[in-house]
Amino acid sequence: MQSQTAEKQTQLQPTNAQYLELELLWLEQVIHARMALYFGQETGITSIFDIPAPDLPEETSIYAHFVNHYEMNVAERLVFLLALVPHLKPQLLDVFFQVNEPLRRGFTEFGGIKGQLHAGFIPTIETAIFLL
């Protein structure tokens, strides 16, 4: 029985990367839309929730199974992705390094920290709140 489970997991694993890439693309779209909305730029949407999350059929990957098993809603998926993205695609968060020109520093409302051993932006709960 245990070997069947291991075999099934091995069969599912190659698509994890594909679904994570779709999720990261979605997160990138959400981040850029949120920034555009914040700065009053035209986006064609009124909320980040207008951007549909990728469909993740449960049987296609362990990642999709995880999201579906825990019935993660859009907000939960976005926060989960914020936690993963510094490790998977850190450059996606570079947009949060924008400088608030009048104050000559980063935007407090974006939250986040610049890592000491990690040169990228590390999101915090403030980042998640800003995004949502």
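Residues numbered from 1 in each chain as written. Predicted model: local features only at pLDDT ≥ 70, side-chain atom pairs only at ≥ 80, totals over all residues. Heavy atoms only, no water.

Asks: Mind showing me how you'd approach the overall build of the protein chain here?
Replies: The helix and strand inventory of the protein chain stands at 5 helices and 4 strands. From first element to last, N terminus to C terminus, the protein chain shows the α and β order α-α-α-α-β-β-β-β-α. Across the 132 residues of the protein chain, 35% fall into the buried class. Summarising the internal contacts of the protein chain: among those between residues at least 6 apart in sequence, 58% fall at separations of at least 24. Carbon and sulfur atoms make up 56% of the accessible area of the protein chain, which totals about 8300 Å². (Helix = DSSP H or I, 4+ residues; strand = E, 2+ residues; numbered from the N terminus. Buried < 20%, exposed > 50% of the residue type's maximum accessible area, 1.4 Å probe, protein only. Contact = heavy atoms within 4.5 Å. Areas by Shrake-Rupley, 256 points an atom, 1.4 Å probe, with all protein chains shown as cover.)

Asks: What should I look at first to understand a nonpolar patch on the surface in this one?
Replies: There is a patch of nonpolar side chains on the surface, built from F49, V79 and L132 and spanning about 250 Å² of accessible area. Mapped onto the fold, F49 is located in the loop between α2 (14-38) and α3 (62-69). (Patch = residues over 30% accessible without salt bridge, like charges linked within 9 Å, V, L, I, M, F, W, Y side chains within 5 Å. Salt bridge = Lys/Arg side-chain N within 4 Å of Asp/Glu carboxyl O.)

Asks: Can you help me understand the confidence of the model for the protein chain in this one?
Replies: Interpreting fine coordinate detail is not advised for predicted regions of low pLDDT. Taken residue by residue, the protein chain gives an average pLDDT of 86. The fraction at 70 or more is 88%. When the elements of the protein chain are averaged for pLDDT, helix α1 (residues 2-12) gives the smallest value, 54, and helix α4 (residues 74-88) the largest, 96. (pLDDT = per-residue confidence, 0-100.)

Asks: Help me out: how do you make sense of the packing of aromatic side chains in this one?
Replies: Given two aromatic rings, one states the distance between the centres and the angle between the planes to describe the pair. For the structure shown, the criterion picks out 12 aromatic pairs. One aromatic cluster is present, built from ring pairs that chain together Y38, F39, F96, F97, F110, F121 and F130. Between R34 and the ring centre of F130, over which it is positioned, the NZ or CZ distance is 4.2 Å. Above the ring of W26, the side-chain terminus of R77 is found at 5.2 Å from the ring centroid. (Phe/Tyr/Trp six-rings, centres within 6.5 Å; stacked < 30°, edge-to-face > 60°. Lys NZ or Arg CZ within 6 Å of the ring centre and 35° of its normal.)

Asks: Sorry, what's going on with the nonpolar core here?
Replies: General note: in soluble globular proteins, nonpolar side chains tend to be found buried as a group. The biggest cluster of nonpolar side chains holds 30 residues, and the ones touching the most others in it are L27, I31, L93 and F96. Listing elements by their share of this core, those giving two or more residues are α2, α3, α4 and α5 (125-131). A per-element tally of this core places α2 first, with 9 residues. Discounting residues that sit within four places of it in the chain, L27 has contacts with L78, L81, L82, V85, L92 and L131. (Core = buried A, V, L, I, M, F, W, Y, C linked by side-chain atoms within 4.5 Å.)

Asks: Can you help me understand unusual backbone geometry in this one?
Replies: Trans is the prevailing form of peptide bonds, just as negative phi is the prevailing case for residues other than glycine. Phi is positive for E71, which is not a glycine, with a value near 45°. Classification of E71 as exposed rests on a relative accessible area of 67%.

Asks: I tried to follow the environment of A53 on my own but got confused; where do I start?
Replies: Relative to the assigned elements, A53 resides in the loop between α2 and α3. Residues within four places of A53 in sequence aside, it is in contact with W26, V74 and R77.

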